[in-house]
2 protein chains.
Amino acid sequence: MSESPTSAGRPLPWTKLSSRHEPSLLLFRPRWDKLVNPRTQQPMDRLVLETPDWVNVVALTEDEQLILVRQYRFGTSTVTTEIPGGMVDRGEAHADAAQRELREETGYAARAWTYLGAVEPNPAFHDNLCHHWLATGCHKVSEHLELDAGEDIVVYTEALTRVAERVRAGEIRHVLVLSALQRVIDLYDTTARRRNHGPHAD
Amino acid sequence: MSESPTSAGRPLPWTKLSSRHEPSLLLFRPRWDKLVNPRTQQPMDRLVLETPDWVNVVALTEDEQLILVRQYRFGTSTVTTEIPGGMVDRGEAHADAAQRELREETGYAARAWTYLGAVEPNPAFHDNLCHHWLATGCHKVSEHLELDAGEDIVVYTEALTRVAERVRAGEIRHVLVLSALQRVIDLYDTTARRRNHGPHAD
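Residues numbered from 1 in each chain as written. Chains lettered and ligands numbered in written order. Predicted model: local features only at pLDDT ≥ 70, side-chain atom pairs only at ≥ 80, totals over all residues. Heavy atoms only, no water.

## Examining the sheet that holds strand β3 (residues 43-50) of chain A
All names here are of chain A.
Okay, step 1: Pairing is antiparallel in the open sheet, where three strands are placed in the order β1-β2-β3. Two strands bound the open sheet, and with one partner strand each, they are β1 (15-21) and β3. Put simply, the sheet's adjacent strands are angled 25° from each other on average, direction ignored.
Okay, step 2: Across six bridges, the pairing between β1 and strand β2 (residues 29-36) is antiparallel. Looking at β2, one finds that H21 is bridged to R31. (Pairing = 2+ DSSP bridges. Helix = DSSP H or I, 4+ residues; strand = E, 2+ residues; numbered from the N terminus. Axes fitted to C-alpha atoms, helices over the stretch in contact; angles between N-to-C directions.)

Pasting the structure below:
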């Protein structure tokens, strides 16, 4: 059985009857939409978190080390290992946000920038994208970080091969970090899985 | 310059002074924590969205096609192409949730299940994990889907190679979908990027 993704024009977009904002939650602004389910014709209230675009950066030094940041994360209540990144400011280009976040969070600047594409952090309730950037030839331009009052960050560098090992060991598991890294290095041994459990992709 | 991730014991966890819940937003429950930044000793209010764990499933049919779902997503206001998935119910094992979501959303059951690991959807404000599962030998067990009132889903199947092309064309970009798929098939040509812009990972 194989059905075309556009068979009979379904699924249809939902019709919006009304929208109501709630007070900002700093990182995003909740909005309740009243929408009609085209399958049932019933109206439903659905939540959207209006969220600015995000950026993150796979940043490699001149001696080919990956720049990492460690910080306490409030969601998981743990110290995580991640790549630098943050929110795109209002009116700012995401390319500029990537350079700014790298400089503010790590004190590094890059010789060359390559766009790696964008992902949807969660289309079910976020309206934003996360843009991935590759920064190469990175070098220190500042010894002190420009941290927000809400940040406490430790910067360090590590060989890419060691980073891939950390991913496979489950020590780095923020999905937006993995998504950016995966566009620069292979993180998983997919071949073995396909051989054991499924078809070959090529 | 390379600093150990644990240098001087930093970054430290933040001390929680108090917690206050807001009314549930259906998908999650907002909680404001008052925390002390160990770098500045200043208290700050930080938002956590308490969220149940999620699951998603890379499901392959007996004739080696990937099972995909198309649905209207309220965050992006677009129809997306994704793999099946959803929330783990209270008290439910995520392995059971994966089997339930596959059956409810697509009408398929699998002969074999392989755990692909978990990721943090966003440790900055979510406290949950998304568990990735591989389901092989999938076959139809029901012709009608068990959809929630808030769902309108079209199911179809497609060759894995075609799915990888869709990813590279930017037609599939939900990061949790990409994260699961990446553990079964190679989605990106990382070698060319490293050759052009950076070091080799191995």
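## A closer look at the pairing of strand β5 (residues 65-73) of chain B
Residues and elements named next belong to chain B.
Okay, step 1: In terms of burial, β5 is largely enclosed, as nine of its nine residues are buried.
Okay, step 2: Both β5 and strand β11 (residues 153-159) contribute to a ladder of seven bridges, which runs antiparallel. Across the sheet, the residue bridging to V69 is V155, located in β11.
Okay, step 3: Sheet analysis places β5 next to strand β6 (residues 78-82), joined by five bridges and oriented antiparallel. Across the sheet, the residue bridging to R70 is T81, located in β6.
Okay, step 4: Linking two consecutive strands that pair antiparallel, namely β5 and β6, is a turn of four residues; a positive phi of about 55° is found at S77 within it. (Buried < 20%, exposed > 50% of the residue type's maximum accessible area, 1.4 Å probe, protein only.)

## With respect to the relation of the copies chain B and chain A
Okay, step 1: Overlaying chain B on chain A yields an RMSD of 0.0 Å, the required transformation being a rotation through 180° with an accompanying axial translation of 0.0 Å. Given the turn and translation reported, the copies of this chain are related as if by a two-fold rotation axis.
Okay, step 2: Of all interface residues in chain B, 99% are interface residues in chain A too; the two copies therefore contact each other through one and the same surface. (Least-squares fit on C-alpha atoms with pLDDT ≥ 70 in both. Contact = heavy atoms within 4.5 Å.)

## What about the packing of aromatic side chains?
Okay, step 1: According to the stated counting rule, one finds 13 aromatic pairs over all chains in the structure shown.
Okay, step 2: Relative to B:F125, the ring of A:W54 lies with its centre 6.1 Å away and its plane at 55°, an arrangement referred to as tilted. You can see A:W54 sitting in strand β4 (residues 54-61) and its partner B:F125 sitting in the loop between β9 (112-119) and β10 (130-140), one on each of two chains. For the pair A:W54 and B:F125, a shared accessibility class is recorded, and that class is buried.
Okay, step 3: When the centroid spacing of 5.1 Å and the interplanar angle of 50° are considered together, the rings of B:Y115 and B:W133 count as tilted. Residue B:Y115 is located in strand β9, and its partner B:W133 is located in strand β10; the two are separated by 18 residues in the primary sequence.
Okay, step 4: Residue classification places B:Y115 among the partly exposed positions, given a relative accessible area of 36%.
Okay, step 5: Clustering of aromatic rings is evident, with ring pairs tying together A:W14, B:Y72 and B:F74. (Phe/Tyr/Trp six-rings, centres within 6.5 Å; stacked < 30°, edge-to-face > 60°.)

## Structural notes on the packing of helix α3 (residues 175-182) of chain A against helix α3 (residues 175-182) of chain B
To characterise two packed helices, one gives the angle between the axes of the helices and the distance between these axes.
Okay, step 1: Orientation of α3(A) relative to α3(B), taken along the N-to-C sense of each, is 55°, at an axis distance of 10 Å. Judged by the inter-axis angle, α3(A) sits oblique to α3(B). In terms of crossing hand, the pair formed by α3(A) and α3(B) is left-handed. Contact residues: A:V175, A:L176, A:S179 and A:Q182 in α3(A); B:V175, B:L176, B:S179 and B:Q182 in α3(B).
Okay, step 2: Of the residues belonging to the contact of α3(A) with α3(B), the class tally is four nonpolar, four polar and no charged. (Parallel < 35°, antiparallel > 145°, perpendicular 65-115°, else oblique. Left-handed = near helix turned anticlockwise from the far one by under 90°. Nonpolar A, V, L, I, M, F, W, Y, C, P; charged D, E, K, R; others polar.)

## Structural notes on helix α1 (residues 94-106) of chain B
Residues and elements named next belong to chain B.
Okay, step 1: Here α1 spans 18 Å end to end across 13 residues, near enough to the 18 Å set by a 1.5 Å rise per residue.
Okay, step 2: The complete set of buried residues in α1 reads A97, A98, R100, E101, L102, E104, E105 and T106.
Okay, step 3: Trailing α1 by a residue or two, G107 shows a phi angle of about 80°, which is positive. (Expected span 1.5 Å × (residues − 1).)

## Some thoughts on the interface of chain B and chain A
Okay, step 1: With 89 residues of chain B at the interface, the matching set in chain A holds 88 residues.
Okay, step 2: Where chain B meets chain A, there are four salt bridges.
Okay, step 3: Its salt-bridge partner being A:E120, residue B:R173 comes within 3.6 Å of it at the nearest N-O pair.
Okay, step 4: Remark: the boundary between chain B and chain A carries 22 residue pairs in polar contact (both at pLDDT 80 or more).
Okay, step 5: The greatest single-element share of the side of chain B that touches chain A, amounting to six residues, is contributed by strand β3 (residues 43-50) of chain B.
Okay, step 6: Of the residues contributing to the side of chain B that touches chain A, the split by class is 47 nonpolar, 20 polar and 22 charged. (Salt bridge = Lys/Arg side-chain N within 4 Å of Asp/Glu carboxyl O. Polar contact = N/O pair within 3.5 Å; in protein donor to acceptor, adjacent residues only side chain to side chain.)

## Examining the side chain of A:R100
Residues and elements named next belong to chain A.
Okay, step 1: Topologically, R100 is positioned in helix α1 (residues 94-106).
Okay, step 2: A distance of 3.2 Å separates polar atoms of two side chains, one belonging to R100 and the other to E101.
Okay, step 3: Sequence-distant contacts of R100, defined by excluding residues within four places in its chain, comprise M87, D89 and E92.

## Things to note about the sheet that holds strand β1 (residues 15-21) of chain B
Residue and element names in this part refer to chain B.
Okay, step 1: Reading across the sheet, the three strands line up as β1-β2-β3 and stay open at both edges, with antiparallel pairing between neighbours. Each having just a single partner strand, β1 and β3 make up the two edges of the open sheet. Going across the sheet, the axis of each strand differs from the next one's by a mean of 25°, ignoring polarity.

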